[in-house]
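What follows is each chain in one-letter form.
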Amino acid sequence: MRGGHALEDAPPRLPRTVVDGDREVAETAAVLFADVVGSTALRTRLGEDAADALVEVQEQLLTRAVRASDGTVVKLTGDGLLATFPAAASAVGAGVEVQQVVHAHGLAEPERAFAVRVGVSSGDVQRRDGDVHGITVVEAARLCDAAEAGQVLVADVVRLLARDRGGHPFRPLGERVLKGLPAPLAVSEVVWEPDGRLHPAGVRGGAGDAPGWPAGAAPSGVLPPGSLLGRDDDVARLRDRCTTSRLVTLLGAGGAGKTSLAAAVAPSVAGELGVQPVWVDLQPVDDPERVVPTLADALAANPPPAADDPPAALAAELTAREVLLVLDNCEQVIGAVADVLDALVVACPGVRVLTTSRETDRPT
Ligand SMILES: Nc1ncnc2c1ncn2[C@@H]1O[C@H](COP(=O)(O)OP(=O)(O)O)[C@@H](O)[C@H]1O
Ligand SMILES: [Mg+2]
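Residues numbered from 1 in each chain as written. Chains lettered and ligands numbered in written order. Predicted model: local features only at pLDDT ≥ 70, side-chain atom pairs only at ≥ 80, totals over all residues.

As for the overall build of the protein
In step 1: A tally of helices and strands in the protein yields 11 helices and 12 strands.
In step 2: By the burial criterion, 42% of the 364 residues in the protein qualify as buried. (Helix = DSSP H or I, 4+ residues; strand = E, 2+ residues; numbered from the N terminus. Buried ≥ 20, exposed ≤ 12 C-beta atoms within 10 Å, placed from the backbone.)

See below:
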């Protein structure tokens, strides 16, 4: 055990970092700033309400892009975000993902198109009270300020750390004098291409996630990204149906590919509509009375437990929600599902539903 004497004698230059229990921890991280270009002008053009709605979409797109690359959103800034990543290559990947989803959003919704600039640096940061501090953060912010609309600017250290792991080439831009930094910073631009997505939802999932599902929300056991074969026409048709109708049903024999198709299409449709995709597998639910509680759980809704009319009570909780609800395997509780959908379709204008159900010889 250390004596008080030794502690008193210790010079006060113990690093203020890596101090357990002092809420301040230093670590090496990649830091990314993303910023919507011209958000004030966008607000003037769209009006307050539409601009507020767009901010939500922006936050969702940027947040998903960050999380899909193992990033942590440190804070939302109102017209952008600050995020940290354990690896430089992940931050570069997120920067490109941000640009790609924003580009895809612009194609899907030209009247609400917007542009983003991104800056990334890497080095030591201090985490304190839920925020991050340090020169690395300042560098990322200044790089973001210096970036053009659609550009991802990175400190050269990021290029060196990431090398070609992200698969995105860098274009060195030489040294730049950036406001507030003590010395010029060597800067590179990440060269990115639109990825041909027709929709902004595509989030690269982790292992087991279907393409486009936010982490943790993916249906399990579905085909991995890109492996839905020979279904291009069906995908296009289903996507079209789901964007024009609020209730779509995929009916077919077991093994026909309903689950795979729904899992592949739902996130892109949800992204296009700017709503959250929510997947509910009803296969394990064989009691019709469990349908409402199961949906309430999945949607984090809290209807009164002993309501006279559970479907109406659930719908009353969801009137302001914007979701694409996928109900897979409705066959065994189809009657109860129909009751809920009747209530949702009437009471919840922002709720859209895609169901899959097995075709049976006789109604169940
Ligand atoms: N287009 C496809 N390309 C390749 N495999 C597919 C395709 N559609 C379905 N499958 C595979 O066929 C099996 C049955 O598909 P699934 O979507 O579960 O059918 P359903 O939900 O209609 O019972 C699964 O193993 C799935 O991975
Ligand atoms: Mg299925």
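Details of the packing of helix H3 (residues 48–68) against helix H4 (residues 88–108)
In step 1: At their nearest, the axes of H3 and H4 sit 9 Å apart, and the two run at 145° to each other. Of the two possible hands of crossing, H3 and H4 adopt the one that is right-handed. Contacts between H3 and H4 involve Leu61, Leu62, Ala65, Val66 and Ala68 from the first element and Ala94, Glu97, Val98, Val101, Val102 and His105 from the second. (Axes fitted to C-alpha atoms, helices over the stretch in contact; angles between N-to-C directions. Left-handed = near helix turned anticlockwise from the far one by under 90°. Contact = placed C-beta atoms within 7 Å.)

Topic: the site of ligand 1
In step 1: Residues in close proximity to ligand 1 total 14 residues, the closest being Leu229, Gly257, Lys258, Thr259 and Ser260.
In step 2: It is helix H8 (residues 258–273) that provides the largest number of residues to the shell around ligand 1, a total of three residues.
In step 3: Of the residues in the shell around ligand 1, the class split is four nonpolar, eight polar and two charged. (Near = placed C-beta within 6 Å. Nonpolar A, V, L, I, M, F, W, Y, C, P; charged D, E, K, R; others polar.)

Digging into the environment of Gly38
In step 1: You can see Gly38 is positioned in the loop between strand E1 (24–37) and helix H2 (39–46).
In step 2: Given 13 C-beta atoms within 10 Å, Gly38 falls into the partly exposed group.
In step 3: Between the C-alpha atoms of Gly38 and Asp79, which are 41 residues apart in sequence, the distance is 9.2 Å.

Looking at unusual backbone geometry
Both trends apply: most residues other than glycine have a negative phi, and most peptide bonds are in trans.
In step 1: Residues other than glycine seldom take positive phi values, yet Asp129 does so here, at roughly 50°.
In step 2: Turning to its location among the elements, Asp129 is positioned in the loop between strand E4 (115–128) and strand E5 (131–133).
In step 3: The backbone of Asn329 sits at a positive phi, close to 65°, despite the residue not being glycine.
In step 4: On the secondary structure map, Asn329 appears in the loop between strand E11 (323–328) and helix H11 (334–347).

As for the pairing of strand E3 (residues 80–85)
In step 1: Within E3, six of the six residues are buried, leaving the element largely enclosed by the surrounding structure.
In step 2: Taken together, strand E2 (residues 72–76) and the strand that follows it, E3, pair antiparallel across an intervening segment of three residues, in which Gly78 is found at a positive phi of about 100°. (Pairing = 2+ DSSP bridges.)

A closer look at the sheet that holds E11
In step 1: The four strands lie next to each other as E9-E12-E11-E10, forming an open sheet whose pairing is parallel. Across the chains shown, the open sheet's two edge strands, defined by having one partner strand only, are strand E9 (247–252) and strand E10 (276–281). Put simply, the sheet's adjacent strands are angled 15° from each other on average, direction ignored.
In step 2: Alignment of E9 against strand E12 (residues 351–358), held across six bridges, turns out to be parallel. What sits directly across from Leu250, in E12, is Thr356.

Describing the packing of helix H7 (residues 232–244) against H8
In step 1: The interhelical angle for the contact between H7 and H8, taken along N-to-C directions, is 45°, at an axis separation of 9 Å. Between H7 and H8, the angle is such that the two are oblique. Judged by the sense of rotation from one axis to the other, the crossing of H7 with H8 is right-handed. Residues Asp234, Val235, Leu238, Arg239, Cys242 and Thr243 of H7 touch H8, and the partners they reach there are Leu261, Ala264, Val265, Ser268, Val269, Glu272 and Leu273.
In step 2: Its residues placed into classes, the contact of H7 with H8 shows eight nonpolar, two polar and three charged. (Parallel < 35°, antiparallel > 145°, perpendicular 65-115°, else oblique.)

What to know about the nonpolar core
Within soluble globular proteins, side chains that are nonpolar tend to cluster in buried spots.
In step 1: Among the nonpolar cores identified, the biggest contains 51 residues, and Leu32, Val92, Val118 and Val120 are the most heavily contacted of them.
In step 2: The biggest single contributor to this core is H4, with 11 residues.
In step 3: Residue contacts for Val120: discarding those within four places in its chain leaves Ala30, Val31, Leu32, Ala91, Val92, Gly95, Ala140, Leu143, Val152, Val154 and Val158.
In step 4: One finds Val248, Val280, Ala336 and Leu344 within the second-largest nonpolar core, a separate group that totals 44 residues. (Core = buried A, V, L, I, M, F, W, Y, C linked by C-beta atoms within 7 Å.)

Topic: the environment of Ala91
In step 1: Topologically, Ala91 is positioned in helix H4.
In step 2: Considering only alpha carbons, one finds Ala91 and Val158, 67 residues apart in sequence, at a separation of 8.7 Å.

Purely geometric stuff here, so don't read any function into it on its own.
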